[in-house]
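These are the residues of each chain, in order.
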Amino acid sequence: MAEQNSPDRTDHNITLDAQDDRWEWRRRIRANPRKLLFYRIGVGVVGGLLIIAAPLTGWLPGPGGIPLFIAGLAVLSSEFEWAQRLLYRVRDLVKALTAWTGKQPAWLKALGTLALFLCVIVAIWLYLAVLGVPGWFPDPWESFLHKLPLLH
């Protein structure tokens, strides 16, 4: 059963309706058309920048692409219903994928983890092959990495 304060996801408006908003400060912004325009522009710019940054940082080591994309979508969904519907679809897809992986046998989970680990190792190796080994690495690491192919 849906919460009483949850937004109505059945209409096809571009922006959220005032009655869909659970925060009083945002309802006050929505009451003033000029403030609402600037607020919507700000939300669009911040959310758009996060989404644009996702593929630009996705190849870097560490969390980058997917968390930034989801954060950008979350920012946009605070003001735009199309983004809210997309965010709910992504959330439902992640829940379904999590449920599916939870039902898999332990050997398959271990194999998937190993495959992911190998992909990360290869990505780091390619990163170092293209950009070179940083000079700030500890000397034993640098000497080991320089022995690997393409990391001279």
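Whatever comes next refers back to the structure up there.
Residues numbered from 1 in each chain as written. Predicted model: local features only at pLDDT ≥ 70, side-chain atom pairs only at ≥ 80, totals over all residues. Heavy atoms only, no water.

Colleague: Tell me about the packing of aromatic side chains, and please be specific about residues and values.
Modeller: Between two aromatic rings, the relevant description is the distance of the centres plus the angle of the planes. Under the defined criterion, the tally for this structure stands at four aromatic pairs. Centroid distance W136 to F137: 4.8 Å. Interplanar angle 85°. Geometry classified as edge-to-face. Take F137: its relative accessible area is 16%, and that puts it in the buried class. In this structure, R26 packs its charged tip against the face of W25, placed 5.9 Å from the ring centre. (Phe/Tyr/Trp six-rings, centres within 6.5 Å; stacked < 30°, edge-to-face > 60°. Buried < 20%, exposed > 50% of the residue type's maximum accessible area, 1.4 Å probe, protein only. Lys NZ or Arg CZ within 6 Å of the ring centre and 35° of its normal.)

Colleague: Report on the packing of helix α1 (residues 24–31) against helix α2 (residues 33–57), specifying residues and quantitative values.
Modeller: Remark: α1 packs on α2, axes separated minimally by 5 Å, with the N-to-C direction vectors making an angle of 115°. In this structure, α1 contributes W25, R26, I29, R30 and A31 to the contact, and α2 contributes P33, K35, L36 and Y39. The residue inventory of the contact of α1 with α2, partitioned by class, reads six nonpolar, no polar and three charged. (Axes fitted to C-alpha atoms, helices over the stretch in contact; angles between N-to-C directions. Helix = DSSP H or I, 4+ residues; strand = E, 2+ residues; numbered from the N terminus. Contact = heavy atoms within 4.5 Å. Nonpolar A, V, L, I, M, F, W, Y, C, P; charged D, E, K, R; others polar.)

Colleague: Lay out helix α5 (residues 106–131) in plain terms, naming residues and giving numbers.
Modeller: Here α5 is 26 residues long and its end C-alpha atoms lie 37 Å apart, about the 38 Å a rise of 1.5 Å per residue gives. At the exit of α5 stands G132, carrying a positive phi of roughly 90°. (Expected span 1.5 Å × (residues − 1).)

Take it as geometry only, folks, not as evidence of what the structure does.
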